[in-house]
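Each chain, written out:
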Amino acid sequence: KAKCEVAIAPDSEWPEAWITPDDVEDQYAENKMQPNIPVTADDLKTIGISYWKMDDVDKYEYPVKAIPWDPKDALDPKLKQLRDDRGPRMPSSA
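The text that follows walks through the structure, step by step, so that each part is easy to find. (Residues numbered from 1 in each chain as written. Predicted model: local features only at pLDDT ≥ 70, side-chain atom pairs only at ≥ 80, totals over all residues. Heavy atoms only, no water.)

Overview of the overall build of the protein chain
And step 1. Helix and strand counts for the protein chain come out as 2 helices and 2 strands.
And step 2. From first element to last, N terminus to C terminus, the protein chain shows the α and β order β-β-α-α.
And step 3. Expressed as a percentage of its 94 residues, the buried residues of the protein chain come to 21%.
And step 4. In the protein chain, the proportion of contacts linking residues at least 24 apart, taken out of those at least 6 apart, comes to 49%.
And step 5. Of the roughly 7800 Å² of accessible surface on the protein chain, 53% is carried by carbon and sulfur atoms. (Helix = DSSP H or I, 4+ residues; strand = E, 2+ residues; numbered from the N terminus. Buried < 20%, exposed > 50% of the residue type's maximum accessible area, 1.4 Å probe, protein only. Contact = heavy atoms within 4.5 Å. Areas by Shrake-Rupley, 256 points an atom, 1.4 Å probe, with all protein chains shown as cover.)

Details of the environment of D11
And step 1. Tracing the chain through its elements places D11 in the segment before β1 (17-18).
And step 2. Taking relative accessible area as the criterion, D11 reaches 39% and is therefore assigned partly exposed.

A closer look at the pattern of salt bridges
Here the idea is simple: oppositely charged side chains can pair when their charged atoms come close.
And step 1. Counted according to the given criterion, the structure contains 3 salt bridges.
And step 2. The residue D11 makes a salt bridge to K45 at a minimum N-O spacing of 2.6 Å. In this pair, D11 sits in the segment before β1 while K45 sits in helix α1 (residues 41-46), placing the two residues 34 residues apart along the sequence.
And step 3. Look at K45 and you get partly exposed, because its relative accessible area is 36%.
And step 4. The partner of E16 in a salt bridge is K32, and the shortest N-O contact between them spans 3.0 Å. In this pair, E16 is assigned in the segment before β1 and K32 in the loop between β1 and β2 (38-39), connecting sequence segments 16 residues apart.
And step 5. Look at E16 and you get exposed, because its relative accessible area is 53%. (Salt bridge = Lys/Arg side-chain N within 4 Å of Asp/Glu carboxyl O.)

With respect to the packing of aromatic side chains
And step 1. Scanning all chains against the criterion turns up 1 aromatic pair.
And step 2. With centroids separated by 5.6 Å and ring planes inclined at 50°, the aromatic side chains of W14 and Y51 adopt a geometry described as tilted. In this pair, W14 is assigned in the segment before β1 and Y51 in the loop between α1 and α2 (77-86), connecting sequence segments 37 residues apart.
And step 3. Positioned above the aromatic ring of W18, the side-chain terminus of K32 is 4.6 Å from the ring centre. (Phe/Tyr/Trp six-rings, centres within 6.5 Å; stacked < 30°, edge-to-face > 60°. Lys NZ or Arg CZ within 6 Å of the ring centre and 35° of its normal.)

Shape is all these values report; function is a separate question.
Quick look at the structure:
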């Protein structure tokens, strides 16, 4: 596994995450359980999720979707470094 030179965001900067109920009707709703069951950054890291906070988001235009992505389109040096360090990540087929 290649070492990534861009540091993952500190836990305090990760977005809020939670366990969703089994019976989700609207995928675009928050779908929090009652009471809510939060998930920590450590929980997310354990299942292989990484999070980088991109600086200067107004300065660069990011791709709408991560895949497919052409590295020559990267203007943001931090995003380019992430892609160079980690290589392409293709979604797994279910």
